[in-house]
Amino acid sequence: MMNTDPAYKKLIECGIRPSIQRIEILRYLLTHHTHPTVDEIFVDLKKRVPTVSRTTIYNTLRMFSEKGAAFMITIDEHRVCYDGTTEPHAHFYCKHCGKVYDFHEMQPPRNVTSDMEGFHIEDAQLYYKGICPACQHTEEKKIS
Ligand SMILES: [Zn+2]
Ligand SMILES: [Zn+2]
């Protein structure tokens, strides 16, 4: 039963020992596509796993991002958030509501330009910033 768990499978694939807490943390990321912060995950996960600490979540997420089990997103300089979707995709950050959206059809370019020659690239992120449709809508309402 454990072996078919997507979080368990992903940990094994990334060469991470699947402890109960690690499975819980990755499962949270895989089921919450909101790009949560350490604090958001902590508040939610503590309800299910009372023994989990903020430090454990912080360290586990750092390790996940090093091993490729999750993305660390630093699009907002005041807030580091995490993403369990590790297929290449672009992000949109709404400056108004702070939400981070996924653009699945957009990918960071993989072709290496001449000035990138000799660099070993491990990670590529593509960010857009602006105002999301929902916020544009509320702005319009305020004006009229
Ligand atoms: Zn917004
Ligand atoms: Zn994402």
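See the structure above.
Conventions used here
- Residues numbered from 1 in each chain as written.
- Chains lettered and ligands numbered in written order.
- Predicted model: local features only at pLDDT ≥ 70, side-chain atom pairs only at ≥ 80, totals over all residues.
- Heavy atoms only, no water.
- Helix = DSSP H or I, 4+ residues; strand = E, 2+ residues; numbered from the N terminus.
- Areas by Shrake-Rupley, 256 points an atom, 1.4 Å probe, with all protein chains shown as cover.
- Core = buried A, V, L, I, M, F, W, Y, C linked by side-chain atoms within 4.5 Å.
- Buried < 20%, exposed > 50% of the residue type's maximum accessible area, 1.4 Å probe, protein only.
- Contact = heavy atoms within 4.5 Å.
- Arc of directions from axis to C-beta.
- Pairing = 2+ DSSP bridges.
- Patch = residues over 30% accessible without salt bridge, like charges linked within 9 Å, V, L, I, M, F, W, Y side chains within 5 Å.
- Salt bridge = Lys/Arg side-chain N within 4 Å of Asp/Glu carboxyl O.
- Donors = N, O, S within 2.8 Å, 3.2 Å for Na, K, Ca; no water.
- Tetrahedral: all angles 85-135°; square planar, octahedral: opposite > 155°, others 65-115°.
- Axes fitted to C-alpha atoms, helices over the stretch in contact; angles between N-to-C directions.

Undergrad: Help me understand the overall build of the chain, please; the structure alone is not making it clear to me.
TA: The helix and strand tally for the chain stands at 5 helices and 5 strands. What you see in the chain, going N to C, is helices and strands ordered as α-α-α-α-β-β-β-β-β-α. When the backbone C-alpha atoms are referred to their principal axes, the chain occupies close to 55 × 45 × 30 Å. Surface exposure of the chain reaches about 9,400 Å², of which carbon and sulfur atoms provide 55%.

Undergrad: How should the nonpolar core be read in this particular structure?
TA: Counting residues in each nonpolar core, the largest one holds 22 residues, and the members touching the most others are Ile16, Leu29, Ile41, Leu45, Ile57, Leu61 and Phe64. Put simply, the parts of the chain that give this core at least two residues each are α1 (6-13), α2 (20-31), α3 (38-48) and α4 (54-67). Element by element, the count of residues in this core is highest for α2, at 5 residues. In contact with Leu61, other than residues within four places in its own chain, are Ile25, Leu29, Val38, Ile41 and Tyr82.

Undergrad: Hey, could you run me through α3 in this one?
TA: Each α-helix turn comprises 3.6 residues. Residues three or four places apart therefore point the same way. Those residues of α3 that fall on the buried side of the exposure criterion are Val38, Ile41, Phe42 and Leu45. The buried residues of α3 occupy an angular sector of 100° when the element is viewed end-on, so they sit on one face. With respect to the buried face of α3, the exposed residues turned more than 90 degrees away are Val43 and Lys47. The inward-facing, buried residues of α3 abut α2, α4 and β2 (79-83).

Undergrad: Which parts of the structure should I look at to understand the pairing of β2?
TA: A regular strand places its side chains so that they alternate between the two faces of the sheet. With 4 bridges joining them, strand β1 (residues 71-76) and β2 adopt antiparallel strand pairing. Bridging from a neighbouring strand, Phe71 pairs with Asp83 of β2.

Undergrad: Would you take a moment to explain a nonpolar patch on the surface for this structure?
TA: On the surface, Val112, Phe119 and Ile121 cluster together into a nonpolar patch covering about 320 Å² of accessible area. Using a relative accessible area of 61% as the deciding quantity, one classes Phe119 as exposed.

Undergrad: What am I meant to see in the coordination of the zinc ion (ligand 1) here?
TA: A metal bound by six donors in octahedral fashion has ideal angles of 90 or 180 degrees, whereas one bound by four tetrahedral donors has an ideal angle of 109.5 degrees. Listed as protein donors to the zinc ion (ligand 1) are Cys94 (SG), Cys97 (SG), Cys132 (SG) and Cys135 (SG); their distances from the metal cover 2.3 Å. Around the zinc ion (ligand 1), the 4 donor atoms are arranged such that angles at the metal cover 103 to 119°; this shape is classified as tetrahedral. The sequence motif formed by the donor residues of the zinc ion (ligand 1) is C-x2-C-x34-C-x2-C.

Undergrad: What exactly am I supposed to notice about the sheet that holds strand β3 (residues 90-94) here?
TA: The strands making up a sheet associate through backbone hydrogen bonding, with each pair oriented either parallel or antiparallel. Overall, mixed pairing links the 3 strands, which are arranged β4-β3-β5 in an open sheet. Sheet topology places β4 (100-103) and β5 (127-130) at the edges, where each strand pairs with a single neighbour. Neighbour to neighbour, the strand axes of the sheet diverge by 25° on average, direction disregarded. Pairing of β3 with β4 involves 4 bridges; the strand directions are antiparallel. Bridge pairing in β4 places Phe92 opposite Tyr101.

Everything listed here is a matter of coordinates, which is why it stays silent on function.
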